[in-house]
Amino acid sequence: MVMKGCFSVGLYRQGILHDLSKYMPSEFLVGARYYQGTQSPNNAERLEKGYSSAWLHHKGRNKHHYEYWTDYSVKRGAGIVPAKMPLRYVVEMFMDRVAASKNYNKGSYTDDLPLRYYQSGSAAKYMHDDTRRLLEKLLKMLAQKGEKYTVRYIRRKIIPQIRAEERCRQEQK
């Protein structure tokens, strides 16, 4: 589903490469052992061990997770802080959240579920403000205007910004 979502906005490479680390033994075996079908197997591993080895491996290799984008601050004493995610990964994160909501709520999915799930958690306080604002904008748009409208918005407004950022990076090389 994430591949389909990424393809729908023109992020083909990300759609193909999304979550490939899940096929590595350190993630795949945990997923097979703790699979329930209604939530991430990482939650079950976490309950048993107190942490999820699969999640620690996964988030360190997949840039569409906001947890990947943390680093030590350059300001003395500020500790670990969130870094701004590149737009392409915010879009992939959005697609991932929509797909997870569809998977875990098979027959009862509605476009407001990804927003409600996000609001029920604490992710916002661990994201860079710009990243959080864009993700929330997309989730609210999905809830209010639907998936077709939101995909069209991403294609028309965000993808051109991604392409412009990439051109600037190429010119700087």
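Throughout what follows, the structure given in this document is the object of discussion. Everything numeric in this text was worked out from a predicted model, so none of it was measured.

## Here's the deal with the pattern of salt bridges
- On inspection of all chains with the given rule, the structure shows 11 salt bridges.
- In this structure, the salt-bridge partner of Asp 130 is Lys 84, at a minimum N-O distance of 3.6 Å. Note that Asp 130 is positioned in helix H8 (residues 129-145) and Lys 84 in the loop between strand E2 (80-82) and helix H6 (87-104), a separation of 46 residues in sequence.
- Look at the salt bridges and you will find they share partners, linking Lys 84, Asp 130 and Arg 133 into a network.

## Points about the nonpolar core
- If you look at the biggest cluster of nonpolar residues, it comprises 34 residues, and the most contacted ones within it are Val 9, Phe 94, Met 95, Ile 154 and Ile 158.
- Elements supplying a minimum of two residues to this core: helix H1 (2-9), H6, helix H7 (113-120), H8 and helix H9 (147-172).
- Among the elements that make up this core, the one with the highest residue count is H6 (nine residues).

## As for the packing of H8 against H9
- Where H8 meets H9, the axes come as close as 7 Å, and the angle between the chain directions of the two elements is 140°. In terms of axis orientation, H8 runs oblique to H9. Of the residues in H9, those in contact with Leu 134, Lys 137, Leu 138, Met 141, Leu 142 and Lys 145 of H8 are Glu 147, Tyr 149, Thr 150, Tyr 153, Ile 154 and Ile 158.
- Grouping the constituent residues of the contact of H8 with H9 by class yields eight nonpolar, one polar and three charged.

## Description of the layout of surface pockets
- Estimated volume of the largest pocket: approximately 1,800 Å³.
- Breaking the lining of the largest pocket down by element, the ones donating at least two residues are H1, helix H2 (12-17), helix H3 (25-34), helix H4 (41-49), helix H5 (53-59), H6 and H7.
- With eight residues, the single largest contributor to the lining of the largest pocket is H6.
- Classifying every residue of the lining of the largest pocket by side-chain character gives 22 nonpolar, 17 polar and nine charged.
- Lining the second largest pocket are 18 residues; nearest its centre among them are Arg 13, Gln 14, Leu 17, Tyr 89 and Glu 92.
- Broken down by secondary-structure element, the contributors of at least two residues to the lining of the second largest pocket are H2 and H6.
- Considering only residue class, the lining of the second largest pocket consists of five nonpolar, six polar and seven charged.

## Here's the deal with H4
- Of all the residues in H4, the buried ones are Pro 41, Asn 42, Ala 44 and Glu 45. Within H4, the buried residues cover an arc of 160° as seen down the axis, which keeps them to one side.
- Residues of H4 that are buried in the fold lie against H3 and H5.
- Looking at where H4 begins, the residue whose side-chain oxygen comes 3.1 Å from the main-chain nitrogen of Asn 42 is Ser 40.
- Following H4 by one or two positions, Gly 50 adopts a phi angle in the positive range, close to 95°.

Thresholds, definitions, all that
- Residues numbered from 1 in each chain as written.
- Predicted model: local features only at pLDDT ≥ 70, side-chain atom pairs only at ≥ 80, totals over all residues.
- Heavy atoms only, no water.
- Salt bridge = Lys/Arg side-chain N within 4 Å of Asp/Glu carboxyl O.
- Helix = DSSP H or I, 4+ residues; strand = E, 2+ residues; numbered from the N terminus.
- Core = buried A, V, L, I, M, F, W, Y, C linked by side-chain atoms within 4.5 Å.
- Buried < 20%, exposed > 50% of the residue type's maximum accessible area, 1.4 Å probe, protein only.
- Axes fitted to C-alpha atoms, helices over the stretch in contact; angles between N-to-C directions.
- Parallel < 35°, antiparallel > 145°, perpendicular 65-115°, else oblique.
- Contact = heavy atoms within 4.5 Å.
- Nonpolar A, V, L, I, M, F, W, Y, C, P; charged D, E, K, R; others polar.
- 1 Å grid on protein atoms, 1.4 Å probe; cavity = no way out; pocket = protein on both sides within 12 Å on 5 of 7 lines; lining within 4 Å.
- Points joined across faces, edges and corners; volume = space filled by probe spheres on them.
- Arc of directions from axis to C-beta.
- Polar contact = N/O pair within 3.5 Å; in protein donor to acceptor, adjacent residues only side chain to side chain.

Worth remembering: the numbers are spatial, not functional.
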